[in-house]
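Reading the structure
Read off the chains here:
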Amino acid sequence: MEEAAVHIRSLLRISTLLQSTREMYATRGTPAAAVFQQHLLALISDMVAADEGTLFLYEDGGDRHPGLVDRVLEAKEPVFGETELAVPLFLRDTIAGVIYLKRAAFFEEADFQLVTAISQIASLAIENAFHLEWLQREVKRLEQDLNIESDLLGESAQMTELRRRIARVAPS
């Protein structure tokens, strides 16, 4: 029973960390992203003991990684070995990363299920961050296309007068 409570607390902390996925996604390739990855792996290790763990995030596919990760990239599904496991993180239908864990002792089915559940939650967070980033870029593009200089739209005499009044009051 106590182990279940520890797992629930860890899942809550992982969920809280994944709330900041937008920042991690926006800062990928920077030290901030590395810190995010370290925190996520530390929280995973609270639930699934591992001697070695890595969160591979892919943009250019140039990362060096263990052979089990290659199998995940080819199969596009989790791969579970006796002493190592690798679970994909998806962005749409593309693998955005892989959670990789290795240890001397055998992994159990419960370990595999926990890491798979975490990867699904993390995949949703990455997907949401991707959509938010795309929407923000699209808003900027549309603003540039429309040449919007303020939130006030319209060219009527009343709107022109309102802009004049705001400009007069704004400096004060």
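Our subject is the structure listed above.
The sections below set out a description of the structure shown in this document. (Residues numbered from 1 in each chain as written. Predicted model: local features only at pLDDT ≥ 70, side-chain atom pairs only at ≥ 80, totals over all residues. Heavy atoms only, no water.)

1. Overview of the packing of aromatic side chains
To keep it simple, the criterion reads: We call Phe, Tyr and Trp rings a pair once their centres come within 6.5 Å, taking the six-membered ring for Trp, and we label the pair stacked below 30 degrees between planes, edge-to-face above 60, and tilted otherwise. Here a helix means four or more residues in a row that DSSP labels H or I, a strand means two or more in a row labelled E, and each is numbered from the N terminus.
According to the stated counting rule, one finds one aromatic pair in the structure shown. Ring centres of F80 and F112 lie 4.7 Å apart, and the angle between their planes is 20°; this geometry places the pair in the stacked category. Note that F80 is positioned in strand 2 (residues 79–80) and F112 in helix 5 (residues 109–146), a separation of 32 residues in sequence.

2. Looking at the sheet that holds strand 1 (residues 52–57)
Under the convention used in this document: Any two strands with at least two DSSP bridges between them are considered paired. Only heavy atoms matter for contacts: two residues are in contact if any of them lie within 4.5 Å across the pair. With axes taken as lines fitted to C-alpha atoms, and helix axes fitted only over the stretch in contact, angles between N-to-C directions fall between 0 and 180 degrees.
Spatial strand order, 1-4-3-2: four strands in an open sheet with antiparallel pairing. Each of the sheet's edge strands pairs with one partner strand only, and the pair in question is strand 1 and strand 2. Here helix 4 (residues 67–75) sits on the sheet and contacts strand 1, strand 2, strand 3 (84–91) and strand 4 (94–102); the angle it forms with strand 4, its principal contact strand, is near 150°. On top of the sheet, helix 5 reaches strand 2, strand 3 and strand 4; it is set at about 20° to strand 3, its chief contact.

3. Description of the nonpolar core
Rules: Residues belong to one nonpolar core when they are buried, are Ala, Val, Leu, Ile, Met, Phe, Trp, Tyr or Cys, and are joined through side-chain atoms within 4.5 Å. Relative accessibility thresholds used throughout: buried, under 20% of the residue-type maximum; exposed, over 50%; partly exposed, between the two (1.4 Å probe, protein chains only).
Membership of the largest hydrophobic core comes to 22 residues, with the highest contact counts inside it found for I44, V48, I99, L101 and V115. Every element with two or more residues in this core is listed here: helix 3 (31–47), strand 3, strand 4 and helix 5. The biggest single contributor to this core is helix 5, with seven residues. The residues contacting L101, other than those within four sequence positions of it, are L41, I44, V48, A50, E52, G53, T83, E84, L85, F107 and V115.

4. Concerning unusual backbone geometry
Even without being a glycine, K76 presents a positive backbone phi close to 55°. A positive phi angle, near 60°, is found at R92, a position not held by glycine.

5. Description of the pattern of salt bridges
Oppositely charged side chains can form a pair if their charged atoms are brought close together. Stated formally: Think of a salt bridge as a Lys or Arg side-chain nitrogen and an Asp or Glu carboxyl oxygen that are within 4 Å of each other.
For the coordinates displayed, the defined rule picks out four salt bridges. Between D111 and R103 there is a salt bridge, with its nearest N and O atoms 2.8 Å apart. Residues D111 and R103 agree in their burial class; the two are buried. For R165, the salt bridge goes to E161, with nearest N and O atoms at 3.1 Å. Note that R165 and E161 are positioned in helix 6 (residues 157–169) at a spacing of four residues, about one turn of the helix. Note on R165: relative accessible area 48%, which makes it partly exposed. On the basis of relative accessibility, which here comes to 27%, the residue E161 falls in the partly exposed class. Overlapping salt bridges bring together E161, R164 and R165 as one network.

6. Notes on the environment of L43
Among the secondary structure elements, L43 is positioned in helix 3. Taking C-alpha positions, L43 is 7.2 Å from R13, a pair spaced 30 residues apart along the chain.

7. Considering the side chain of R103
Heads up, the condition is: In protein, a polar contact means a hydrogen-donor-capable atom and an acceptor-capable atom, both N or O and within 3.5 Å, with residues adjacent in sequence counting only if both atoms are side-chain atoms; elsewhere, any N or O pair within 3.5 Å suffices.
On the secondary structure map, R103 appears in the loop between strand 4 and helix 5. With relative accessibility at 13%, the residue R103 sits in the buried group. Here the side chain of R103 touches F106 through a polar contact of 2.8 Å, landing on its backbone oxygen. With residues near it in sequence (within four places) discarded, R103 still touches V48, A49, A50, D51, T83, E108 and D111.

Everything listed here is a matter of coordinates, which is why it stays silent on function.
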